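Fold and contact review
Single-letter residue listing:
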Amino acid sequence: LQLVESGGGLVQPGGSLRLSCTASEFTFDYYAIGWFRQAPGKEREGVSCISYSGGSTNYADSVKGRFTISRDNAKNTVYLQMNSLKPEDTAIYYCAVAFQAMCRIPTQTADFDSWGQGTQVTVSS
């Protein structure tokens, strides 16, 4: 199993980015997928989670209304659309496969395995 994140970059406050998480050598149709982020000097925190079918999602309070998670199982890919970005969104963003099909609340690292290498998101003017 290999997860590869992409789509990060430098964006001005108020801007948008769409992150992608693609799995290879693995079909993740039966598992929830989560997005996490880790800023320098801080612990990794859960951002969002999507259930195996895409029918259930949840978000950290800090990103509700700004971020949208979605998935395309035919492409083995999960997306994170990030709008109205703020400087405090700056972090390395990771995706991971859950041990189960449904998301648990809150989205926490202990429920996930098989992490990607991360993609840097920097929000700055």
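Residues numbered from 1 in each chain as written. Predicted model: local features only at pLDDT ≥ 70, side-chain atom pairs only at ≥ 80, totals over all residues. Heavy atoms only, no water.

A separate point is the nonpolar core. Counting residues in each nonpolar core, the largest one holds 25 residues, and the members touching the most others are Trp 35, Phe 67, Val 78, Leu 80, Met 82 and Tyr 93. Where this core is concerned, the elements lending two or more residues are strand E3 (17-24), strand E4 (33-38), strand E5 (45-50), strand E7 (67-72), strand E8 (77-82), strand E9 (91-98) and strand E11 (119-123). The residues contacting Val 78, other than those within four sequence positions of it, are Leu 19, Ser 20, Cys 21, Phe 28, Ile 33, Trp 35, Ile 50, Ile 69, Ser 70 and Arg 71. Counting seven residues, the second-largest nonpolar core is a separate cluster that includes Phe 36, Cys 49, Ala 96 and Phe 112. (Core = buried A, V, L, I, M, F, W, Y, C linked by side-chain atoms within 4.5 Å. Buried < 20%, exposed > 50% of the residue type's maximum accessible area, 1.4 Å probe, protein only. Helix = DSSP H or I, 4+ residues; strand = E, 2+ residues; numbered from the N terminus. Contact = heavy atoms within 4.5 Å.)

Taken as a whole and assessed by the stated rule, the structure comprises five salt bridges. Asp 89 serves as the salt-bridge partner of Arg 37, at 2.9 Å between the closest nitrogen and oxygen. Taken together, the residues Arg 37 in strand E4 and Asp 89 in the loop between E8 and E9 connect sequence positions 52 residues apart. The exposure class of Asp 89 is buried, given its relative accessible area of 0%. Close ionic contact of Arg 66 with Asp 89 constitutes a salt bridge, the shortest N to O distance being 2.7 Å. Taken together, the residues span a long stretch of sequence, with Arg 66 in the loop between strand E6 (57-59) and E7 and Asp 89 in the loop between E8 and E9 at a distance of 23 residues. Per residue, the accessibility class of Arg 66 equals that of Asp 89, and both read buried. Through salt bridges that share partners, Arg 37, Glu 45, Arg 66 and Asp 89 make up one connected network. (Salt bridge = Lys/Arg side-chain N within 4 Å of Asp/Glu carboxyl O.)

On to the sheet that holds E7, then. Overall, antiparallel pairing links the four strands, which are arranged E1-E3-E8-E7 in an open sheet. The open sheet has two edge strands, strand E1 (2-6) and E7, and neither has a second partner. On average, adjacent strands in this sheet sit at an angle of 15 degrees to one another, irrespective of strand direction. Direction of pairing for E1 relative to E3: antiparallel, over a ladder of five bridges. Its bridge partner being in E3, Glu 5 is matched across the sheet by Cys 21. (Pairing = 2+ DSSP bridges. Axes fitted to C-alpha atoms, helices over the stretch in contact; angles between N-to-C directions.)

The next subject is the pairing of E5. Along any regular strand the residues' side chains alternate between the sheet's two faces. For E5, the tally of buried residues reaches five of six residues, placing the bulk of the element in the interior. When E4 meets E5, the two strands line up antiparallel, connected through five bridges. Counted as the bridge partner of Trp 35 is Ser 48 from E5. Connecting E4 to the antiparallel partner E5 that follows it, the hairpin turn spans six residues, and Gly 41 within it adopts a positive phi of roughly 80 degrees. Two strands pair when backbone bridges link them, and E5 and E6 are joined in this way by three bridges, in the antiparallel orientation. Along E6, the bridge assignment pairs Ile 50 with Thr 57. Between E5 and E6, which pair antiparallel one after the other, the connecting turn spans six residues, and Gly 54 there sits at a positive phi close to 85 degrees.

As a further point, take the state of the cysteines. In protein chemistry, a disulfide is the covalent bond that joins the sulfur atoms of two cysteines. A full pass over the atoms with the stated rule returns two disulfides. With a sulfur-sulfur separation of 2.1 Å, Cys 21 is cross-linked through a disulfide to Cys 95. Disulfide Cys 21-Cys 95: the torsion about the S-S bond is 75 degrees, which places it as right-handed. One end of the pair, Cys 21, is in strand E3; the other, Cys 95, is in strand E9, with 74 residues separating them in the sequence. Assessed through its relative accessible area of 0%, Cys 21 is described here as buried. The class for Cys 95 is buried, based on a relative accessible area of 0%. Sequence-ordered numbering of the bonded cysteines in the protein chain gives a pairing of 1-3, 2-4. (Disulfide = S-S within 2.5 Å.)

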